[in-house]
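Residue strings, one per chain:
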Amino acid sequence: MRKLIVEGGRPLSGSVTISGAKNAVLPLIAATILADGTSVIHDVPHLSDVGTMNELMKFLGAHCSFEGSSLHIDTTGLRGDKEAPGELVRKMRASFLVMGPLLARRGYVRMSLPGGCAIGARPIDLHLKGFEAMGAEINMGRGYVEAKVRRALKGNRIYLDFPSVGATENLMMAASLAEGTTLIGNAAQEPEIIDLANLLSVMGARIKGAGTSIIRIEGVKQLKAAQHTVIPDRIEAGSYMIFAAAAGGTVRLNNVIPEHMQPLIAKLREAGVKVACGDDCAIVESDGMLEPVAVKTLPYPGFPTDMQAQMMALLTRARGTSLVTETVFENRFMHAEELRKMGADITVDGHTATVNGVSRLHGAAVSATDLRAGAALITAALMAEGRSEIGELQHIERGYERIVEKLQGIGADVYIHED
Ligand code: EPZ
């Protein structure tokens, strides 16, 4: 089994370049289904999740090929009348983002249910309610869901009970080819929604309000293939900011959009970390001494749930007691148990974790339970005295391109060990 070995206690220095955003690229790939021809997405990270999405697209009849970090997607041969293989959809929930585009283009789609994962049940009720509002007939089978519409989807007013990122993306894509106008109320406002709206607009869609809680989509008859450069990954960037804050030292991050990272930057500054921002870069400086803070995750523009685990790890060595509240997912504290193995003092009570800062952490053998929990374990291992071994690396490699090379590039003593 492959493990990440981390020798902790060393400050970091140097600069790291952030890759394109995983959570923007996945819906962008799905959006290319809406047009025939070859679309090109630039600055695409080589991640296993992107590979899974490309596998799904190939299964549907599209052809995906990388030229460097540019992904060429030819949808000329797209069929979409076959049910995506269950193991693909279960492996990656974002597979479900092809549902809206296929329903809009083919009038029919059958998908295995994405199923839950370590951080929660991950239902899709908001996606399906939106498709029904646009005239689709939904049939739930044993482990699969089918959607069909007689002629074309019809624009409608849709209100999301929760500002779901995936539901907003799926419905925005479906509405782009519907007859009439769709209004999505209580829409997600994440930067990845704006990035998707930007690609759809270049393809010919008529979208207003992306990035606000009300998005207006005027359906058009046809969309055309297009080119687009994906935004930088604000969660990868945030993770490297926390690595630097944890280990101490000075690290420069290139290819970031600081405006997308304000909640995290504010919290890091509150904890005593120096963060200086340029137009497309940021410099993090820390002596490793941290003040306790209270963190509550919320939909954008609140503090991102995808940074909660890393922040909790950082606070395990703050000078006092911090509170971490998770409001987006129902079970996203799995990393607490692993952090305790390194000497952290964390008590979880429902949606809130109390983190009593300790003076030192010690290296241990731990396992990543999900993508961001893996980043949290790296954070703690960089602070800990001695060696840590982090297993279940496949979770980390879903969302962190060339993470060993990037960490080594800023002076971390890390390497992969094969058993
Ligand atoms: C996206 O997942 C991200 N993934 C997640 O990042 C991120 O944590 C999440 O948004 C929240 O920001 C991608 O973009 C590929 P949601 P998504 O629909 O779209 C509930 C990572 O680490 N909900 O906004 O699946 C749901 O159960 C991943 O990169 C419903 O109840 O998230 C959850 O509690 C993890 N019904 C909450 O909403 C629905 O129909 C947020 O889910 C849909 C969602």
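Here, the structure is the one placed above.
If you're wondering where the values come from, they're calculated on a predicted model, not measured in any experiment. (Residues numbered from 1 in each chain as written. Predicted model: local features only at pLDDT ≥ 70, side-chain atom pairs only at ≥ 80, totals over all residues. Heavy atoms only, no water.)

A. Broad picture of the site of the ligand. Looking at the ligand, there are 22 residues lining it, with Arg93, Asp125, Leu126, Asp306 and Val328 nearest. Contact between the ligand and Lys22: an oxygen atom at 3.0 Å from a side-chain N or O atom of the residue. Between the ligand and Val328, the relevant distance is 2.6 Å, taken from an oxygen atom to a main-chain nitrogen or oxygen of the residue. Notes on the ligand: free accessible area 820 Å², of which the protein chains cover 87%. Of all the secondary structure elements, the ones that give two or more residues to the shell around the ligand are helix H1 (22-31), helix H5 (125-133), helix H6 (165-176) and helix H12 (371-383). Residues of the shell around the ligand, tallied by class, amount to 10 nonpolar, 5 polar and 7 charged. (Near = heavy atom within 4 Å. Polar contact = N/O pair within 3.5 Å; in protein donor to acceptor, adjacent residues only side chain to side chain. Areas by Shrake-Rupley, 256 points an atom, 1.4 Å probe, with all protein chains shown as cover. Helix = DSSP H or I, 4+ residues; strand = E, 2+ residues; numbered from the N terminus. Nonpolar A, V, L, I, M, F, W, Y, C, P; charged D, E, K, R; others polar.)

B. Summary view of the nonpolar core. In terms of nonpolar packing, the biggest core is built from 77 residues, with Phe131, Met172 and Leu200 touching the most fellow members. Looking at this core, the element that brings in the most residues is H1, giving 7 residues. Dropping the residues within four chain positions of it, Met172 is found in contact with Ile184, Ile193, Leu196, Ala197, Leu200, Ile207, Ile215 and Ile217. Of all hydrophobic cores here, the second largest spans 72 residues; its members include Ala237, Ala271, Leu290 and Ala380. (Core = buried A, V, L, I, M, F, W, Y, C linked by side-chain atoms within 4.5 Å. Buried < 20%, exposed > 50% of the residue type's maximum accessible area, 1.4 Å probe, protein only. Contact = heavy atoms within 4.5 Å.)

C. Quick look at the sheet that holds strand S13 (residues 227-229). Strand order in the open sheet made by the 4 strands is S4-S5-S3-S13, with mixed pairing throughout. Each edge of the sheet is formed by a strand with only one pairing partner; in this case those strands are strand S4 (63-67) and S13. Averaged over all neighbouring strand pairs, the angle between strand axes comes to 15°, with direction disregarded. Across 4 bridges, strand S3 (residues 38-42) lies against strand S5 (residues 70-74) in antiparallel orientation. The partner of Ser39 across the bridge, within S5, is Ile73. The sheet strands contacting helix H2 (residues 48-59) are S4 and S5, and the helix crosses S4 at an angle near 145°. (Pairing = 2+ DSSP bridges. Axes fitted to C-alpha atoms, helices over the stretch in contact; angles between N-to-C directions.)

D. Region of the structure containing the pairing of strand S12 (residues 214-218). The alternating pattern of S12 places Ile215 and Ile217 on a buried face, while none of Ile214, Arg216 and Glu218, on the opposite face, is buried. With 5 bridges connecting them, strand S10 (residues 181-185) and S12 associate as antiparallel partners. Paired with Gly185 across the strands is Ile214, a residue of S12. Bridge count between strand S11 (residues 206-208) and S12: 3 bridges; the pairing is antiparallel. Paired with Ile207 across the two strands is Ile217, which belongs to S12. Here S11 hands over to S12 after 5 residues, with Gly209 in that stretch at a positive phi of 95°.

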